[in-house]
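Analysis of the macromolecular model
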Amino acid sequence: MKIIFLGAPGAGKGTQAEIIAGRLGIPTISTGAIIREALKNGTEMGIKAKKFIEAGELVPDDVVIGIIKERLAKSDCQNGFILDGFPRTVPQAEALDSMGIELDRVVSIEVPDEVIVERMSGRRVCAKCGATYHTVYNPSSDGVNCDKCKVELTIRKDDAPEVVKSRLEVYHSTTEPLKEFYSKKGSLKLVDGVGSVDEISYRTIKVLEV
Ligand code: AMP
């Protein structure tokens, strides 16, 4: 099963992708997580990406297409995968096509901007494993540390309100047109992304028919 999750930053793509990937026994591939890891490790790609991420802009297509090509070539992707945060532009979607990847489903998690802004202000992440929590809607068990790694949760730099505003602008101008791209191919399904994590995964499982 090859699935794409589309949606604004903070729509819940990562959270839902993890749940569905666990259910299907396939990996979740998050370009954002791969780039953040590269940034943490100070690799050449991480250094190149830094200024874009911190300004809430997209990393250039050739960089992310390269990341995806390399990742999809690994053996754990043989039986399928979920892409979280890729593609984000029409050229990225075309690159997937030209790699000969046939997608089974494309799901767009729909959340209004006002809800996104509110969600991002409470988002907390584990810098070690990348797990995402929310202070109100999805807190860790002690509200401070990651449940798995026990390290203190932090706020992503690009979740600062002014950066969230630019990320939403980029989403509407550059990523949202992908809905039309996939709708024309007949593979797009919309999921109402407002509600609890459980409610949204129930809806997602239903549209995915998995
Ligand atoms: P995310 O964790 O998916 O919200 O991604 C965080 C940041 O990484 C984005 O704001 C972009 O700067 C960069 N990024 C992640 N995926 C892509 C992509 N497919 N194309 C361009 N930039 C990306």
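Here, the structure is the one placed above.
Cut-offs applied
Residues numbered from 1 in each chain as written. Predicted model: local features only at pLDDT ≥ 70, side-chain atom pairs only at ≥ 80, totals over all residues. Heavy atoms only, no water. Axes fitted to C-alpha atoms, helices over the stretch in contact; angles between N-to-C directions. Helix = DSSP H or I, 4+ residues; strand = E, 2+ residues; numbered from the N terminus. Contact = heavy atoms within 4.5 Å. Nonpolar A, V, L, I, M, F, W, Y, C, P; charged D, E, K, R; others polar. Phe/Tyr/Trp six-rings, centres within 6.5 Å; stacked < 30°, edge-to-face > 60°. Buried < 20%, exposed > 50% of the residue type's maximum accessible area, 1.4 Å probe, protein only. Arc of directions from axis to C-beta.

How two helices pack is summed up by the angle between their axes together with the distance between the axes. With their axes 5 Å apart at the nearest point, helix H7 (residues 161-175) and helix H8 (residues 177-185) run at an angle of 35° to one another. Where H7 approaches H8, its residues Tyr-171, His-172, Ser-173, Thr-174 and Thr-175 are matched on the opposing element by Pro-177, Leu-178 and Lys-179. For the contact of H7 with H8, a count of residues per class yields three nonpolar, four polar and one charged.

In this fold, Phe-81 is placed in strand E3 (residues 81-84). The spacing of Phe-81 and Gly-14 is 67 residues in sequence and 13 Å in space, taken between C-alpha atoms. Apart from residues lying up to four places away in sequence, Phe-81 is in contact with Met-1, Lys-2, Ile-3, Ile-26, Pro-27, Ile-29, Leu-72 and Ile-101.

A few words now on the packing of aromatic side chains. The description of two aromatic rings rests on the distance between their centres and on the angle between their planes. Under the definition given, this model contains one aromatic pair. Judged by centre distance (5.0 Å) and plane angle (80°), the rings of Phe-181 and Tyr-182 are edge-to-face. Relative accessible area serves as the criterion here: at 0%, Tyr-182 is assigned to the buried category.

On to unusual backbone geometry, then. Of the consecutive residues Phe-86 and Pro-87, the connecting peptide bond is found in the cis state with omega at -5°. Examined against the element boundaries, Pro-87 turns out to sit in the loop between E3 and helix H5 (90-98). Of note in the backbone geometry, Lys-150 takes a positive phi value of approximately 65° without being a glycine. Positive phi, close to 60°, is recorded for Glu-209, a residue that is not glycine. In this fold, Glu-209 is placed in the segment after helix H9 (197-208).

We now examine helix H3 (residues 44-55). When H3 is considered as a whole, its buried residues turn out to be Gly-46, Ala-49, Phe-52 and Ile-53. For H3, the angular spread of the buried residues around the axis is 125°, confining them to a single face. For H3, exposure combined with an orientation more than 90 degrees from the buried face picks out Glu-44, Ile-47, Lys-48 and Lys-51. Buried positions along H3 lie against helix H2 (31-41) and H7. In the stretch just after H3, Gly-56 is the one whose phi turns positive, near 75°.

Such coordinate-based values are descriptive only and should not be taken to indicate function.
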